Amino acid sequence: NPITLSVVLTSLALGTIFTVSSSHWFLAWMGLEINTLAIIPIMTQHKHPRAIEASTKYFLTQAAASALLLFSSLNNAWLTGEWSIMDLTNPLSCATMTVAICMKLGLAPFHFWLPEVLQGINLTTGLILSTWQKLAPMAILYQIAPTLNTPLLLALGLVSTLVGGWGGLNQTQLRKIMAFSSIAHLGWMVSILPFSPQLMILNLTIYLIMTSTMFLMLKTISSTKISSLATSWSKTPTTTALSLLTLLSLGGLPPLSGFVPKWFILQELTNQNTTILATTLALSALLSLFFYLRLTYI
């Protein structure tokens, strides 16, 4: 029904706008809840067992993350008397809030739901899940970045980049490859967040543009498996060539645009005397680049 769809899409937009523009924890939590409840009907519009399973997994994970987020903000308000997002000062609240937002985003080691959910839904819904649904949690992370535990964030970022690289190696489904790509990119964003939030915004912007491009191209050529990419070259050569360039850009191959945020992040991490972390991140990017190159070769 077009009216129902317009209501659901409006709620999806409003939920994110509520969270991004709020300075009160309760309003931010409310926006995240609206966001979660609005995307469930979009995920289940095709009455397929895989879609129902994916939406159930998504709902349970997001509900648990929202409950943890509310607990964290309540705990902080109880101890400090402050409901402002910028005043997250209690160490326990900081740790639980980081875990809650990582569950919402799908950062490792809380990433298990993301590949399964993306695999169970269609490409259009996958596009919304990979791009729009990342904005609200990232906005909260950006606001509370100065108060968060830096070693915890760096550990989560490092694990995410490694999991994103290793996980995508043996995949044949393009949506699962995009899910592991998302995990790896989120790892880069979280790694740089304590040192330079502006670089995180740059990385997020380029990631959103490239992922949107990739999903729209996959939708255009109706590809969900690696094998279907091989046959698309004869049908739509221009779109296929552009999708291959987008894949290489996602992998961070110079001189494409996806290389720029990685270059800046590695430079900033080196300036912050975290050379070992920067080296490990660079090596993990090679893992991601390997399976992107494999796709391009096919």
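Residues numbered from 1 in each chain as written. Predicted model: local features only at pLDDT ≥ 70, side-chain atom pairs only at ≥ 80, totals over all residues. Heavy atoms only, no water.

Asks: Explanation requested: the domain arrangement of the protein chain in the structure shown.
Replies: On domain assignment, one finds that the protein chain holds domain 1 (1-142) and domain 2 (149-297). Each of domain 1 and domain 2 has a C-alpha centre, and the two are 22 Å apart. On the side of domain 2, 34 residues touch domain 1, which itself brings 28 residues to the contact. Overall, the association of domain 1 and domain 2 removes approximately 2600 Å² of surface from exposure, summing both partners, and the carbon and sulfur fraction of that is 79%. Three residues, Gln119, Leu123 and Tyr142, lead the burial of domain 1 against domain 2; their summed loss comes to 25% of the area buried on that side. Applying the counting criterion to the domain 1 and domain 2 interface returns one salt bridge. The residue lysine 176 makes a salt bridge to glutamate 116 at a minimum N-O spacing of 3.6 Å. In this structure, the connection of domain 1 to domain 2 is made through six residue pairs in polar contact (both at pLDDT 80 or more). (Domains from an automatic or database assignment. Contact = heavy atoms within 4.5 Å. Buried area = accessible area lost by both parts, 1.4 Å probe. Salt bridge = Lys/Arg side-chain N within 4 Å of Asp/Glu carboxyl O. Polar contact = N/O pair within 3.5 Å; in protein donor to acceptor, adjacent residues only side chain to side chain.)

Asks: Help me understand the nonpolar core in this model?
Replies: Across soluble globular proteins, nonpolar side chains show a tendency to be buried alongside one another. Judged by nonpolar contacts, the single largest core of 42 residues is most densely connected at Trp25, Leu69, Ile101, Met138, Ile140, Leu141 and Ile144. Two domains share this core, each providing at least three of its residues, namely domain 1 (1-142) and domain 2 (149-297). When near neighbours in sequence (up to four residues on either side) are disregarded, tryptophan 25 contacts Leu69, Ser73, Trp83, Ser84, Ile85, Leu88, Met97, Ile140 and Ile144. With 40 residues, the next largest nonpolar core counts Val8, Tyr58, Ala179 and Phe180 among its residues. (Core = buried A, V, L, I, M, F, W, Y, C linked by side-chain atoms within 4.5 Å. Buried < 20%, exposed > 50% of the residue type's maximum accessible area, 1.4 Å probe, protein only.)

Asks: Sorry if this is basic, but what is going on with the pattern of salt bridges here?
Replies: Should their charged atoms come close, side chains of opposite charge can pair. Per the stated rule, a full pass over the model turns up three salt bridges. Where glutamate 53 meets lysine 57, a salt bridge forms, and the shortest distance between an N and an O atom there is 2.9 Å. Taken as a pair, glutamate 53 and lysine 57 lie in helix α3 (residues 49-80) at a separation of four residues, close to a single helical turn. Look at lysine 57 and you get partly exposed, because its relative accessible area is 30%. For lysine 57, the salt bridge identified is with glutamate 116, shortest N-O distance 3.9 Å. One end of the pair, lysine 57, is in helix α3; the other, glutamate 116, is in helix α5 (residues 113-120), with 59 residues separating them in the sequence. A single salt-bridge network, built from bridges that share partners, covers Glu53, Lys57, Glu116 and Lys176. (Helix = DSSP H or I, 4+ residues; strand = E, 2+ residues; numbered from the N terminus.)

Asks: What should I look at first to understand the UniProt feature "transmembrane region" (unreviewed entry) in the protein chain in this one?
Replies: Within this numbering scheme, the UniProt entry marks residues 56-75, 95-114, 151-170, 177-195, 201-218, 239-256 and 276-295 as carrying the feature "transmembrane region" (unreviewed entry). End-to-end, the C-alpha atoms of residues 201-218 are 26 Å apart, and along that stretch the chain is 100% helix and 0% strand. Between the C-alpha atoms that bound residues 239-256 there is a distance of 17 Å. The span itself is 72% helix and 0% strand. (UniProt positions renumbered as here; feature names shortened; annotations may be inferred.)

Asks: Explain unusual backbone geometry here, please?
Replies: Only a minority of non-glycine residues have a phi that is not negative, and only a minority of peptide bonds are not trans. The omega torsion across alanine 108 and proline 109 is 5°, close enough to zero to call that bond cis. Tracing the chain through its elements places proline 109 in the loop between α4 (91-105) and α5. For the bond running from proline 254 to proline 255, omega is 5°, close enough to zero to count as cis. Examined against the element boundaries, proline 255 turns out to sit in the loop between α12 (237-251) and α13 (259-271). Positive phi values are uncommon outside glycine, yet serine 222 reaches one of about 55°. Assignment of secondary structure puts serine 222 in the loop between α10 (197-220) and α11 (226-235). At asparagine 273, a position not held by glycine, the phi torsion is positive, near 60°. Mapped onto the fold, asparagine 273 is located in the loop between α13 and α14 (275-297). For asparagine 273, a relative accessible area of 69% gives the class exposed.

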